[in-house]
Amino acid sequence: MSKIFETPLYPYQRTPDQDASPTARHKVVVIGAGPVGLALAIDLAQQGVPVLVLDDNDRVSFGSRAICFAKRPLEILDRLGCGEEMVEKGVLWDTGRVFVDEDEAYSFNLLTESGHKNPAFINLQQYTFEEKLLARLRALQDEGAPIDLRGKNKVTALADNGDHVRLEVDTPEGSYLLEADWLVACDGANSPTRKMLGHDFKGRVFEDNFLIADVIMQADFPAERWFWFDPPFNRGQSALLHKQPDNVWRIDFQIGQEIDREEELKPEKIKRRLRAMLGEAAEFELEWTSIYSFQCRRMDKFRYGRTLFAGDAAHQVSPFGARGANSGLQDSDNLAWKLKLVIEGTAPETLLDSYSDERVHGAEENILNSTRSTDFITPKSKASRTLRDAVLALARQHAFARPLVNSGRLSVPCTYDGSVLNGPEVSQLPADTRPGAPMKDADTGAGWLLDKLGNRFQLLGVNIAVPAVLEVDGIIVDGLTLPLTDSLKARYLGDVGAAVYLLRPDQHVAARWLAYDETAVKAALRTAIGKG
Amino acid sequence: MNMLNLKPNLDQPDDFYAALIAAHEGLSDAESEALNARLILILANHIGQADVLTAALEAAKS
């Protein structure tokens, strides 16, 4: 049986652009049809912005790769019209267990409160994730949305000409030229776009190697994240076990610094490791294996002139924490509406600098957490190892040491504190929903809150009436007045009786007040589109 | 009698741990051991209570 990631899902087809004279000009060209490029293209297309995606390949991710998708990205996918399919297919989980040697030292639960549509996490193979994004892209095309995807179209040269980017694209039938008003590079950690434009990608390199063995097996381990320090089957190193759909299990072994790559990747050697862990009698089939090491690094800025960078092309972290694909999806979430307003001419180009500022802030947070986890999992000095081992030894017996155990701090939504787009703060209201924060889901008594939000600016009146429509500088703000429920009160009012929230198209809070004031709302909207 | 607190008591455990590791950066093994020793003595003085320190010694040994 051929696997989904071995099937060309968007094979090369000749297009009129290849014979066009003068050179065809596109509003937005996205390079890379991975999770981030596809999500961005879907986002733009469903908001009516024409977008062309180019990829040097013609199929989904080879191997499972990114498998953990957090609640906030699932909410973004709901807005993109394909979240529910992901959750239905995915393995839902919220519990992590940490073992030291043979004993459980510590466990955590990520589901801290009820009243959210989406689970804390799902596990889903990256190839399935991309397959579902492609299905959504095709559905949009069938509805006539302006979205195009070209396989086997490899960008080989780039020039920023001030008011557009010129691209040279190689295909099986030779090369052709394209022009893009805006270019978005979603072409992964080794981003050829970044290299062609000569931008730095600085940060820390970690020496330890990790072996991923995704195996197909019938097993009755629970749907939890299990992490081992120093287990009997991988002495002195770490290991991870995680469940994916269709009986696929992610097993990840730390294998040390000086390794013979070719030897370690031999199926017999990998199977010996797996039998040591799962038992001699275990029956399994290898689906995908890979050896990787970590880098934690980012670009200085995510916007250079007419080119924007998103996902791993802009920033890279270690996988412990699921902060790679999850942060990339928050990049596309942040960028799509800004590009739309700039292309329409309703916001100044400088709004795109706020994309860089806000997502650099997110990347910094992810790199900090990821670096700390990596330092804990792979201590780089004797002193660091001594302290790490002391924490692990104490954690078995004493509660105080458990919060210090760091096997990965899992992806949480980013709040854009300090962003120039944020309006004034009102300190009487709950801190979690302050300006810059993503809206927290809530039960409205008539459906989930987040299902009612996104894709345009909105004014939300919680227990207070707001106008149904407001126009500011050519931008329509939709009003939504909601009666009070317990979760709305807890998340949006706290101890006060009513509040008004101005929301961005990416479901983040722009500003909030205790009462409706048209002048203040209009000023905050201008601030939120970069005119402040 | 004063009780040794073995419940989580750090506001930002990851920040503290990172600062602790950073303090050791670039030190030789002997320098690191000496740093840890000074740190223990400083913290012990801050605690001050003999029964708490005795309980801490026991917790560390077991």
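Nothing here was measured: the structure is a model prediction, and the numbers come from that model.

Cut-offs used in this document
- Residues numbered from 1 in each chain as written.
- Chains lettered and ligands numbered in written order.
- Predicted model: local features only at pLDDT ≥ 70, side-chain atom pairs only at ≥ 80, totals over all residues.
- Axes fitted to C-alpha atoms, helices over the stretch in contact; angles between N-to-C directions.
- Helix = DSSP H or I, 4+ residues; strand = E, 2+ residues; numbered from the N terminus.
- Parallel < 35°, antiparallel > 145°, perpendicular 65-115°, else oblique.
- Left-handed = near helix turned anticlockwise from the far one by under 90°.
- Contact = placed C-beta atoms within 7 Å.
- Domains from an automatic or database assignment.
- Nonpolar A, V, L, I, M, F, W, Y, C, P; charged D, E, K, R; others polar.
- Pairing = 2+ DSSP bridges.

(A) Focus on the packing of helix α2 (residues 71-79) of chain A against helix α8 (residues 325-344) of chain A. Residue and element names in this part refer to chain A. Close contact between α2 and α8 brings their axes to 9 Å; oriented N to C, the two are set at 40 degrees. By the angle between their directions, the pair α2 and α8 is classed as oblique. You can see that α2 and α8 cross each other, and the crossing is left-handed. Contacts between α2 and α8 involve Arg72, Pro73 and Ile76 from the former and Asn326, Leu329, Gln330 and Asp333 from the latter.

(B) Geometry of the domain arrangement of chain A. Residues and elements named next belong to chain A. What the domain assignment lists for chain A is domain 1 (4-82 + 120-200 + 296-366) and domain 2 (431-528). Spacing between the C-alpha centres of domain 1 and domain 2 amounts to 29 Å. Every contact between the two is made by nine residues of domain 1 and, on the other side, 13 residues of domain 2. The element contributing the most residues to the side of domain 1 that touches domain 2 is α2, with four residues. In terms of residue class, the side of domain 1 that touches domain 2 is made up of one nonpolar, three polar and five charged.

(C) Focus on the sheet that holds strand β13 (residues 225-229) of chain A. Residues and elements named next belong to chain A. Spatially, the eight strands line up as an open sheet ordered β6-β5-β13-β14-β15-β12-β16-β19, and their pairing is mixed. For this open sheet the edge positions go to β6 (103-109) and β19 (315-316), each flanked by a neighbour on one side alone. Strand direction decides the pairing type here: strand β12 (residues 202-216) and strand β15 (residues 248-256), joined by eight bridges, are antiparallel. Within β15, the residue paired with Asn209 across the bridge is Gly256. On the sheet, helix α10 (residues 382-397) packs against β5 (95-100), β6 and β13 and is oriented at approximately 80 degrees with respect to β6.

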